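# Descriptive structure summary
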Amino acid sequence: MLEFEVSSPSLLISECFLSLQGESTHQGKLCAFVRLSGCHLRCRWCDTAYAFSGGQRMSVEEVAAKVLSMGCGLVEVTGGEPLLQPGVYVLMEKLLEAGLEVLLETSGSIYLDKVPLAVKKIVDFKPPGSGEAAHNCWANLSLLKKGDEVKFVLASQEDYAWAKEVCRREGLFGGEVEVLFSTVLGLLSPLEVATWLIADKLPVRFQLQQHKYIWGGEQRGV
């Protein structure tokens, strides 16, 4: 696992690119992406393992300038797990100050109390099939607000049943936070999940990873 100094004024960046948002309620929108290096989790179906290590060391100012040069009003800060690097909070503040709409994609395993209020959080809680369900920080649910989103990426019917029970237990159905269900490409049929959702009449948003259907599952920078 990569380690970062608490006082680090810089960030280790895996990639920055302009693409279409492939997930969340912002799916299909033009979006700038900042992918930070490093992750403390090892989900069995992870599709960004290349971000576990390596990357380019950049100052917060350099990253913000690169994002602004893309000319897009929507930016997502993602990883890996972006909250492992303390400088990410400064980056998010700078992007907000520049007038951008800022999304944060995070695993949900790190407490979100330092995330700027104006940032729209997309929290990817881990089902049992990921192998990392023990790291879910459920206290994060109390920090979510209208406009934030909770995502469950499912690899099996067992994951689906687990996610459904979590949503019921935590009162997520019918709340202000958007609930997203999606599938691991190649492990669970979208048709099966669609059938279960209709049968159970669940008030969630079912989504597919649009970028993988456009560019393929192995393409980077999309």
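Up top you'll find the structure we're talking about.
Presented here is an overview of the structure given in this document.

Criteria and thresholds
- Counting from 1, residues in each chain are numbered in the order their sequence is written.
- Residues qualify for local features only when their pLDDT is at least 70, as the model is predicted, and side-chain atom pairs are given and counted only at 80 or more; totals for whole chains, interfaces and linings, by contrast, use all residues.
- Only hydrogens and water are set aside when side-chain values are computed; all heavy atoms of the structure are taken into account.
- What counts as a salt bridge is simple: a side-chain nitrogen of Lys or Arg found within 4 Å of a carboxyl oxygen of Asp or Glu.
- Numbering goes from the N terminus for both helices and strands, where a helix is a DSSP run of H or I of at least four residues and a strand is a run of E of at least two.
- Relative accessible area decides the class of each residue, using a 1.4 Å probe on protein chains only: under 20% of the type maximum gives buried, over 50% gives exposed, and in between gives partly exposed.
- Note on contacts: a residue pair qualifies if any of its non-hydrogen atoms lie within 4.5 Å across the two residues.
- Any two strands with at least two DSSP bridges between them are considered paired.
- As a rule, the C-alpha atoms of each element are fitted with a line to give its axis, helices using only the stretch in contact, and angles between N-to-C directions run from 0 to 180 degrees.

Okay, the pattern of salt bridges next. Evaluation of the coordinates by the stated rule reveals 11 salt bridges. Lys 151 is paired through a salt bridge with Glu 23; the nearest N and O atoms lie 3.1 Å apart. One end of the pair, Lys 151, is in strand β7 (residues 149-154); the other, Glu 23, is in the loop between β1 (10-20) and β2 (30-36), and 128 residues separate them in sequence. Here Lys 164 and Asp 200 are joined by a salt bridge, their closest N and O atoms 3.1 Å apart. Of this pair, Lys 164 sits in helix α3 (residues 157-169) while Asp 200 sits in helix α4 (residues 190-200), placing them 36 residues apart in sequence. Take Lys 164: its relative accessible area is 17%, and that puts it in the buried class.

To continue, consider the side chain of Thr 106. Within the fold, Thr 106 resides in strand β5 (residues 101-106). Every residue in contact with Thr 106, bar those within four places of it in the chain, is listed here: Glu 81, Leu 83, Leu 112, Ile 122, Val 123 and Asp 124.

Moving on, we get to the sheet that holds β2. Strand order in the open sheet formed by 9 strands is β3-β1-β2-β4-β5-β6-β7-β8-β9, and the pairing between neighbours is mixed. Strand pairing shows two members of the sheet lacking a second neighbour, β3 (56-59) and β9 (205-207), which therefore form its edges. The mean inter-strand angle of the sheet, taken between neighbouring strand axes irrespective of direction, is 30°. Set on the sheet, α4 makes contact with β8 (178-183) and β9; between it and β9 the angle comes to about 170°.

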